Amino acid sequence: MSDLHIDAVLGQMRALRAQLEQRPATVKPAADGESFGAVLGQFVQQVNQAQTGAQELAARFDAGDEKVTLAQAVVASQKANVSFQAAVQVRNKLLAAYQDVMNMQI
């Protein structure tokens, strides 16, 4: 890869990161009557969609689709990775809270 090509990809990645940082958070507060299980299910579904979308973009880029840039594939992959790591942290916190409740003396 030439230095110009690498610089172009890095520029695209920086531009996409700047756009993502300017977006408001996509997590909506729970509506009245919406259960914790439903909110958690939506969160897991969003993580799954992010991972599926990243895999599809990577496959399209690998297949030579000119509509998909390397920067788009990398950013989608990183977004999926971050959302998965967040899901793991939520799971860890939930397990810790469950263990604390189970260890409470009545």
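In every chain, residue numbers begin from 1 and rise along the written sequence. The model is predicted, so local features are restricted to residues of pLDDT at least 70 and side-chain atom pairs to those at 80 or more, both for listing and for counting; the totals for chains, interfaces and linings are taken over all residues. Note: side-chain values were computed over all heavy atoms of the structure, leaving out hydrogens and water.

Asks: Which residues make up the overall build of the chain, and what values do they have?
Replies: For the chain, the helix and strand inventory stands at 3 helices and 0 strands. Helix and strand definitions here come from DSSP, where helices need a minimum of 4 consecutive H or I residues and strands a minimum of 2 consecutive E residues; each element is numbered from the N-terminal end. Each helix and strand of the chain, placed in order from N terminus to C terminus, yields the pattern α-α-α. The buried label goes to any residue with under 20% of its type's maximum accessible area, the exposed label to any with over 50%, and the partly exposed label to all in between, with areas taken from a 1.4 Å probe on protein chains only. Counting across all 106 residues of the chain, residues that qualify as buried make up 9%. Accessible surface area values rest on a Shrake-Rupley calculation with a 1.4 Å probe, where residue burial reflects the displayed protein chains alone. Here the chain has roughly 8600 Å² of accessible surface; of this, 58% comes from carbon and sulfur atoms.

Asks: So what's going on with the environment of Thr69? Residues and values would help.
Replies: Within the secondary structure, Thr69 sits in the loop between α2 (36-62) and α3 (70-102). Overall, the relative accessible area of 26% leaves Thr69 in the partly exposed class. Considering only alpha carbons, one finds Thr69 and Gln12, 57 residues apart in sequence, at a separation of 9.1 Å. The contact rule is simple, with two residues in contact once any of their heavy atoms fall within 4.5 Å. If we skip the residues at most four places from it in the chain, Thr69 touches Gln12 and Phe61.

Asks: Could you give an account of the packing of α2 against α3, with specific residues and numbers?
Replies: Convention adopted: a line fitted to C-alpha atoms gives each axis, helices being fitted over their contacting stretch, and angles between N-to-C directions are expressed from 0 to 180 degrees. At a minimum axis separation of 8 Å, α2 and α3 run at an interaxial angle of 155 degrees. By the angle between their directions, the pair α2 and α3 is classed as roughly antiparallel. Judged by the sense of rotation from one axis to the other, the crossing of α2 with α3 is left-handed. Of the residues in α3, those touching α2 at Phe36, Leu40, Phe43, Val47, Ala50, Gln51, Ala54, Leu57, Ala58 and Phe61 are Leu70, Gln72, Ala73, Ala76, Ser77, Ala80, Ser83, Phe84, Ala86, Ala87, Val90 and Leu94. Looking at the contact of α2 with α3 residue by residue, the classes come out as 18 nonpolar, 4 polar and no charged. For classification purposes, an angle smaller than 35 degrees is called roughly parallel, one larger than 145 roughly antiparallel, one from 65 to 115 roughly perpendicular, and anything else oblique. Handedness of a crossing follows from how the near helix is turned relative to the far one, being left-handed for an anticlockwise turn of less than a right angle and right-handed for a clockwise one. All amino acids are sorted into three groups, where Ala, Val, Leu, Ile, Met, Phe, Trp, Tyr, Cys and Pro are nonpolar, Asp, Glu, Lys and Arg are charged, and the leftover types, Gly among them, are polar.

Asks: Account for the confidence of the model for the chain, with residues named and values stated.
Replies: Considering every residue of the chain, the mean pLDDT works out to 83; 77% of them sit at 70 or more. Confidence of the predictor in every single residue is expressed as pLDDT, which spans 0 to 100. Element-level mean pLDDT values for the chain span from 69 in helix α1 (residues 3-22) up to 92 in α3.

Asks: Account for α3, naming residues and giving values.
Replies: Expected helix span is given by 1.5 Å per residue-to-residue step, counting one fewer step than there are residues. The terminal C-alpha atoms of α3 lie 48 Å apart, and with 33 residues this matches the ideal 48 Å at 1.5 Å per residue to within 8%. Buried within α3 are the following residues: Ala71, Ala73, Val75, Ala76, Ala80 and Ser83.

Asks: Hey, could you go over a nonpolar patch on the surface for me, with residue numbers and the actual values?
Replies: Residues enter a patch when their relative accessible area is above 30% and they make no salt bridge; the linking distance is 9 Å between like charges and 5 Å between nonpolar side chains (Val, Leu, Ile, Met, Phe, Trp, Tyr). Any carboxyl oxygen of Asp or Glu that lies within 4 Å of a side-chain nitrogen of Lys or Arg is treated as forming a salt bridge with it. Taken together, the side chains of Tyr98, Val101, Met102 and Met104 define a hydrophobic patch exposed on the protein surface, amounting to about 470 Å² of accessible area. Its location among the elements puts Met104 in the segment after α3.

Asks: Please provide a residue-by-residue account of α2, values included.
Replies: Under the 1.5 Å per step criterion, the end-to-end length of α2 is 39 Å for 27 residues, consistent within 8% with the ideal 39 Å. One or two steps after α2, the chain reaches Gly64, where phi turns positive at roughly 95 degrees.

Asks: Go over the side chain of Ser83 with me, naming the residues and quoting the values.
Replies: Structurally, Ser83 can be placed in helix α3. Only 2.9 Å separates the side chain of Ser83 from the backbone oxygen of Ala80, close enough to count as a polar contact. Here a polar contact means two N or O atoms within 3.5 Å. Within protein one must be a hydrogen donor candidate and the other an acceptor candidate, and residues neighboring in sequence count only if both atoms are side-chain atoms.

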